[in-house]
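Examination of the molecular architecture
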Amino acid sequence: MARTAEVPQDLGSFLASLLESGAVDALMCPKFLSEGKVAHALIPRNGSREGLAPLFPFMPANGGRVVSRFTTEDPVDRPVAVVLRPCEIRALVELVKLEQAHLENLYIIGLECGGVYPMEKMTKEKGETHGEAYLDALRKGQVPQGVREVCRACDLFQPTGADVVISIIGRDKPQVAFLTEKGLELASKIGLETQEGEVFTPQSQALLEAKAANKTKLLESMKERIKGYQGLLEVFGKCIGCHNCSKVCPICYCKDCFFESATFDYEPLSYTQRVDKKGALRVPMDTILFHLGRMTHMATSCVACGMCEDACPMGIPVAQVFKTVGADVQELFEYLPGRSLQEELPLTTYRPVEFTEVEE
Ligand code: SF4
Ligand code: SF4
Ligand code: SF4
């Protein structure tokens, strides 16, 4: 149970009221750029509130990464509300632990998330035509057709770590729940009356079970697919080495990526020697090494948001692979990325005794 309220008008007006009332000085929220196209926007109190689209079912960038862009060095100096999906909040928490973001002065408004469509749908079609079918599925507590594969299998779509939660699944009208002192402070500043209520509906809980079952199936089939070197070769064989997948990943934050360093600028002789030895050489080289390296760097923190898969021009199921590998690695370390600021990052935590079975 929590303090809850029905959204008085529409969700956009509710968010705009946070600015109008002076409860916050800025709002970060997806906003229409043009017909059917959205992007995250940071809107000041005197900025335009037209076209706020918190529920628009696309993720042009992982919002956790966007927040990190303006809080890397220092916290924001005034109150800012940020509207984020659960995997964006979890990415943000990981980025705070990686010293790439600050949470002070932020009010996190978490969306109960029905998933997002691949970006291709937004660029090729008029996005808002999907809105009604999407919301209709959520009202019925179903997975909307055509959302990203990792969203179909996402059992973490109910936000954690948020001050305010917007619940939409199984409801005709969105409900807001104020979960923290900071959240309640916002409710009082905009003069919203709250009452005791459940944060999520029974339909949402049923969807959780359905998605958990989808996840089990996805992990099982992907594990089979990527078995051994041959399996990796089949999945990543089409990779053209563009590194789009790491560029859009909220967790791959390094400014100078090792895989783009001079280490991989080989002498011409090195190519000819390899050609002589193998008979033929696949270029660009090191594509599998890149994926294995990326996995070792960030599998413990992968929040399975799907950005990498969306950005892949070759249709490689990158996020499904990372979700599968990440699930195993995270289980080994008993770590769930983004669950808590207090949980230490496995790769930077020294434990004198662990994995003793490896030595046996
Ligand atoms: S993975 Fe998909 S369903 Fe899960 S929180 Fe992210 S966008 Fe929503
Ligand atoms: S590896 Fe892919 S799924 Fe995982 S956090 Fe990065 S972009 Fe998201
Ligand atoms: S985005 Fe796709 S093609 Fe580009 S490096 Fe990643 S897996 Fe390879």
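Residues numbered from 1 in each chain as written. Chains lettered and ligands numbered in written order. Predicted model: local features only at pLDDT ≥ 70, side-chain atom pairs only at ≥ 80, totals over all residues.

Our next topic: the overall build of the protein chain. Counting its regular elements, the protein chain contains 15 helices and eight strands. The C-alpha radius of gyration computed for the protein chain amounts to 22 Å, which stays within 12% of the reference 21 Å derived for 360 residues, consistent with globular compactness. In terms of its C-alpha atoms, the protein chain occupies a principal-axis envelope of roughly 75 × 50 × 40 Å. Expressed as a percentage of the 360 residues in the protein chain, the buried residues total 38%. Considering only contacts within the protein chain whose residues lie at least 6 apart along the sequence, 74% involve residues at least 24 apart. (Helix = DSSP H or I, 4+ residues; strand = E, 2+ residues; numbered from the N terminus. Rg over C-alpha atoms; globule rule 2.2 N^0.38 Å. Buried ≥ 20, exposed ≤ 12 C-beta atoms within 10 Å, placed from the backbone. Contact = placed C-beta atoms within 7 Å.)

Quick look at the site of ligand 1 now. Neighbouring residues of ligand 1: 15 residues in total, closest Pro 86, Cys 87, Cys 113, Cys 151 and Cys 154. Only α3 (86-97) and α6 (149-152) provide two or more residues apiece to the shell around ligand 1. Here the residues of the shell around ligand 1 are counted per class, giving eleven nonpolar, two polar and two charged. Each of two domains, domain 1 (2-207) and domain 2 (217-359), supplies a minimum of three residues to the shell around ligand 1. (Near = placed C-beta within 6 Å. Nonpolar A, V, L, I, M, F, W, Y, C, P; charged D, E, K, R; others polar. Domains from an automatic or database assignment.)

For the rest of this paragraph, the subject is the domain arrangement of the protein chain. For the protein chain, the assigned domains are domain 1 (2-207) and domain 2 (217-359). On a C-alpha basis, the centroid separation for the pair domain 1 and domain 2 is 29 Å. Contact with domain 1, which involves 24 residues of that partner, is made by 21 residues of domain 2. Broken down by secondary-structure element, the contributors of at least two residues to the side of domain 1 that touches domain 2 are α2 (63-71), α3 and α6. Looking at the side of domain 1 that touches domain 2, its residues break down into 14 nonpolar, four polar and six charged.

In the vicinity of ligand 2, the contacting residues are Cys 249, Pro 250, Ile 251, Cys 302, Val 303, Ala 304, Cys 305, Gly 306, Met 307, Cys 308, Ala 319 and Phe 322. Of all the secondary structure elements, the ones that give two or more residues to the shell around ligand 2 are α13 (307-311) and α14 (318-332). Classifying every residue of the shell around ligand 2 by side-chain character gives eleven nonpolar, one polar and no charged.

Okay, the sheet that holds strand β5 (residues 106-111) next. Sheet architecture is open: eight strands sit in the order β3-β2-β4-β5-β6-β7-β1-β8, paired in mixed fashion. Both edges of this open sheet fall to β3 (37-44) and β8 (195-197), since each of them pairs with a single strand only. For this sheet the average axis-to-axis angle between neighbouring strands, irrespective of direction, equals 35 degrees. Pairing of strand β1 (residues 2-6) with strand β7 (residues 175-178), which is carried by four bridges, proceeds in the antiparallel orientation. (Pairing = 2+ DSSP bridges. Axes fitted to C-alpha atoms, helices over the stretch in contact; angles between N-to-C directions.)

The next point concerns the pairing of strand β6 (residues 164-167). Across the two faces of β6 the burial is the same, with Val 164 and Ile 166 and Val 165 and Ser 167 all buried. Note that β5 and β6 share three bridges and pair parallel. The residue bridging Gly 110 from the neighbouring strand is Val 165, located in β6. Pairing between β6 and β7: four bridges, direction antiparallel. Within β7, the residue paired with Ile 166 across the bridge is Val 176.

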